[in-house]
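# Examination of the molecular architecture
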Amino acid sequence: MDQDRPDAWRGVPPPGGAAPPPPPPQQPWEGPGVPPPPGSPPRPDRVVPLREMRPGEILDSAVNLYRRHWKVFMAIVAVLIVPFTLIRAIVGRAVTHPFISDGRVFISTDDASRLLIVSVVFAVASFLLVTPLLTAAMVRAVGDSYMGEKPDVARSYRTALPRLGPVLLVVFLSTLAVIGGFILLIVPGLVFYVRFLFAPQVVVLEESRGRAAMGRSWRLTRKRFLSTFGTVFLAGILAGVLTGILVLPASLAAQHFLGGWIANAVAGAIASVVTTPFITTVHVLLYFDLRIRKEGLDLAIMAQELSRAPGGP
């Protein structure tokens, strides 16, 4: 049990249980912008509204949350991604002997085979270690910031390390389901991707495991497929455009200069450090939005924030 985890992550009882007590009535809203939902104490420092959000609002809130904690979010990603990306590039360069012909960089067929083996090895390492560990750490950090806590790099990885196996399991099972769905038809693959998308969040924030976490994600996304898919799709486009802007110049350099591989590796690492927090933040905000819609999580968070406020119960 994660003792320093915000109580409201697990504060909403399962369906059929007693609902959390509603907070006292709110005074008339006199602040700027959109007023908070009925019953919530004013929180001028909260950048994510405690209510159901449309896709555009989720993307906007993800940007605002990212801007608030960008140093911590990017540090969490950089700790893993920067050394991993640079080591992969260095090993790939060590097993090849590129040469320039007609102004472009080429490698031999044998070098291409060795480079393929290196790429496969690092892809497996990324899937088994880097991706699940980074996902768990980022989910914890975004979850903390959503609950009004200050995210912390060390605390995020303390949470992520013991959850590496459970997160890897749900990612592996979800990937198998998605691949199977795409082999049968495109649509089932998309359905499985969306319905199992929040299994890592469930593992990290609710301490569930395996099939239980996947089933929980499946229930949360029931009747919310199109909205969830649309939000994730838009976030992916935004991240893809930014990645292209950051990587394209270095990629062109790597095609025409022998030393261009260095710039390409650095640009790839920077792109991952910049875009990964945004994508993860969108996913976590979607997870909390689904819980607000289906379980009244906003009431539990409001009650917790009220109890922390001066003069609260």
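Scroll up for the structure.
The structure reproduced in this document is the subject of the present report.

Definitions and limits used
- Residues numbered from 1 in each chain as written.
- Predicted model: local features only at pLDDT ≥ 70, side-chain atom pairs only at ≥ 80, totals over all residues.
- Heavy atoms only, no water.
- Core = buried A, V, L, I, M, F, W, Y, C linked by side-chain atoms within 4.5 Å.
- Buried < 20%, exposed > 50% of the residue type's maximum accessible area, 1.4 Å probe, protein only.
- Helix = DSSP H or I, 4+ residues; strand = E, 2+ residues; numbered from the N terminus.
- Contact = heavy atoms within 4.5 Å.
- 1 Å grid on protein atoms, 1.4 Å probe; cavity = no way out; pocket = protein on both sides within 12 Å on 5 of 7 lines; lining within 4 Å.
- Points joined across faces, edges and corners; volume = space filled by probe spheres on them.
- Nonpolar A, V, L, I, M, F, W, Y, C, P; charged D, E, K, R; others polar.
- Salt bridge = Lys/Arg side-chain N within 4 Å of Asp/Glu carboxyl O.

### Considering the nonpolar core
Across soluble globular proteins, nonpolar side chains have a tendency to be buried as a group. Core analysis: the biggest nonpolar cluster contains 59 residues, and Ile76, Leu134, Tyr146, Tyr157 and Val282 have the highest contact counts within it. The element that contributes the greatest number of residues to this core is helix α3 (residues 109–146), accounting for 12 residues. Discounting chain neighbours no more than four positions away, the residues touching Tyr157 are Ile76, Val79, Leu80, Leu133, Leu134 and Ala137.

### Some thoughts on empty space enclosed by the protein
One pass over the full model with this rule turns up 1 cavity of 30 Å³ or more. The computed volume of the largest cavity comes to approximately 40 Å³. Forming the walls of the largest cavity are Met53, Arg54, Pro55, Ile58, Arg224, Ser227, Thr228, Thr231, Leu286, Asp289 and Leu290. Those elements that place two or more of their residues in the lining of the largest cavity are α1 (55–68), α9 (225–256) and α10 (260–295). Taken together, the residues that form the lining of the largest cavity break down as 5 nonpolar, 3 polar and 3 charged.

### Quick look at the pattern of salt bridges
Summed over all chains, the structure comprises 12 salt bridges. Note that Arg216 and Glu206 form a salt bridge whose closest N and O atoms lie 2.9 Å from each other. With a gap of 10 residues between them, Arg216 in helix α8 (residues 210–220) and Glu206 in helix α7 (residues 199–206) connect regions that are remote in the sequence. When the shortest N-O distance is used, the salt bridge between Glu206 and Arg291 registers 3.7 Å.

### Focus on the layout of surface pockets
Vacant regions in the atomic arrangement are exposed by a probe of water-molecule size rolled over the atoms. Reported here for the largest pocket is a volume of approximately 830 Å³. Those elements that provide at least two residues to the lining of the largest pocket are α3, α5 (164–184), α6 (186–195), α7, α9 and α10. Of all the elements, α3 adds the most residues to the lining of the largest pocket, at 6 residues. Its residues assigned to classes, the lining of the largest pocket shows 14 nonpolar, 11 polar and no charged. Of the pockets and cavities examined, the second largest pocket occupies roughly 580 Å³.

This is a description of form; function is not addressed.
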